[in-house]
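Structural characterization, general
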Amino acid sequence: MKWEENVRKVVPYTPGEQPQKAGVIKLNTNENPYAPAPGVAKAAAALNVEKLRLYPAFPEKTELAEALAARYQIGTDQIFIGVGSDDVLSIAFMTFFQSDKPVFFPDITYSFYDVWADVYGIPYEKKALDADFQICPADYCKPNGGVIFPNPNAPTGVLMPLEKVEEIVAANRDVVVIVDEAYIDFGGTSALPLIDKYDNLLVVQTFSKSRSMAGMRIGFCMGHPALIRYLNDVKYSVNSYTLNTAALALGVEAVRDEAYFRECCQKIIQTREKAEEELTKRGFSFPKSYANFIFASHKTIPAREIFERLKENDIYVRWWNKERIDNYLRITIGTDEQMEALYRALNEICG
Ligand SMILES: *Cc1c(COP(=O)(O)O)cnc(C)c1O
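All of these numbers come straight from a predicted model, not from anything done at the bench.

1. Description of unusual backbone geometry
Between Asn-151 and Pro-152 the backbone carries a cis peptide bond, its omega angle lying at -5°. Structurally, Pro-152 can be placed in the loop between β5 (146–150) and α5 (162–170). Backbone torsion omega between Ala-154 and Pro-155 reads 0°, so that peptide bond is classified as cis. Looking at the element boundaries, Pro-155 is found in the loop between β5 and α5. The residue Gln-73 is not glycine, and still its phi comes out positive at about 60°. In this fold, Gln-73 is placed in the loop between α2 (63–72) and β2 (79–82). A positive phi angle is found at Arg-324, which is not glycine, with a value near 75°. With respect to the element layout, Arg-324 can be found in the loop between β11 (315–316) and β12 (329–332).

Have a look at this one:
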């Protein structure tokens, strides 16, 4: 077909499977195994459907923005809210990575980064993690068009200490440095306090993991008001009404219930610590994880085989047929019961 010459051609990001059949133990997309805060259910029940005829409010003008500002002790002008952090990150790529110089990110990382770079025509260079899957800050302290990395990194779970994050931000004052903190609430230290010191730092977080709301699609980022203004300019040039009315009403309840949030994160951390023991006993090794998943490799059995056998048992984990990581499984931390089912299945497979 002749018109294909004028088509934007991309290799899309491949999300983890969302099986529709019942009974699957889903440890493949880092969703939270616990329900959203109780106030979210109440807000859903109280949702005024009549109001759905109206366009939603602008996210930055809502109680959700105010609740986030109060929770993180910053101004509403330092927050940008989007439809999941994928939306926030996509707009941030579009907004901040306009240089001819390459954007730097790790070779093993969230596999959406190179997809956005490709779709927006942004040049990039991947910097190799070291043998322990650590980011080497010196690699990022060379001329570039911007920097992005998750902390903790995905899919490894490895956390970079805050001093090293700051080293990268401080060495790159002429470009924007984006720290993707999708998993920061599971034991890491956020770079958020640095946004007052560095106007080039953007900290991105999400409701999808620690706040149990992947299905609602809410993400946000925090940074200098000028960064936020530029993001809004681009957002309002692409799509004005982003978050829907329900997401705005339900999201605010997830932020307000700090006790429930802490309790869920703590339970996941405890289950993760138990999982470290159980996986080690069964012949797995892994870098220390500060996320709600473990990136594990078995001493004798290929990851692909374990992945397939688990799937036959209706236990889904994530496996990538990619250089350097094709002998690893990324296992999301589920409830203790789900993890017990995993250990039983692994006894059969690895036993
Ligand atoms: C899950 C994840 C996101 C995006 O999540 P949303 O559901 O779009 O908020 C972003 N970055 C990383 C590293 C993730 O793992």
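2. Regarding the pairing of strand β10 (residues 293–298)
Across the six residues that make up β10, a large majority, six, are buried. Every second residue of β10 is oriented toward a common face, with Phe-293, Phe-295 and Ser-297 on one face and Ile-294, Ala-296 and His-298 on the other, all of them buried. Pairing between strand β9 (residues 284–285) and β10: two bridges, direction antiparallel. Across the sheet, residue Ser-285 finds its bridge partner in β10, namely Ser-297. Direction of pairing for β10 relative to β12: antiparallel, over a ladder of four bridges.

3. Let's talk about the packing of aromatic side chains
Both the distance between ring centres and the angle between the ring planes are used here to describe each pair of aromatic rings. For the coordinates displayed, the defined rule picks out 24 aromatic pairs. Where Phe-93 meets Phe-97, the ring centres are 5.0 Å apart and the plane angle is 75°; that geometry is what we call edge-to-face. Its relative accessible area of 2% is what places Phe-97 among the buried residues. Aromatic ring contacts, followed pair by pair, group Tyr-13, Phe-93, Phe-97, Phe-105, Tyr-110, Phe-112, Tyr-113, Trp-116 and Tyr-124 into a single cluster. Lying over the aromatic face of Phe-104, Lys-127 brings its terminal NZ or CZ to 4.2 Å of the ring centre. We note Lys-288 situated over the ring of Tyr-290; from NZ or CZ to the ring centre the distance is 5.4 Å.

4. Focus: the sheet that holds β10
Judged by pairing direction, the sheet is antiparallel, and its three strands sit side by side in the order β9-β10-β12 without closing on themselves. Sheet topology places β9 and β12 at the edges, where each strand pairs with a single neighbour.

5. Focus: the environment of Ile-25
You can see Ile-25 is positioned in strand β1 (residues 25–26). A relative accessible area of 17% means that Ile-25 is categorised as buried. For the pair Ile-25 and Asn-200, spaced 175 residues apart in the sequence, the C-alpha separation amounts to 41 Å. Setting aside chain neighbours within four positions, we find Ile-25 in contact with Asp-314, Ile-315, Tyr-316, Gln-338 and Ala-341.

Parameters and conventions
Residues numbered from 1 in each chain as written. Predicted model: local features only at pLDDT ≥ 70, side-chain atom pairs only at ≥ 80, totals over all residues. Heavy atoms only, no water. Helix = DSSP H or I, 4+ residues; strand = E, 2+ residues; numbered from the N terminus. Buried < 20%, exposed > 50% of the residue type's maximum accessible area, 1.4 Å probe, protein only. Pairing = 2+ DSSP bridges. Phe/Tyr/Trp six-rings, centres within 6.5 Å; stacked < 30°, edge-to-face > 60°. Lys NZ or Arg CZ within 6 Å of the ring centre and 35° of its normal. Contact = heavy atoms within 4.5 Å.

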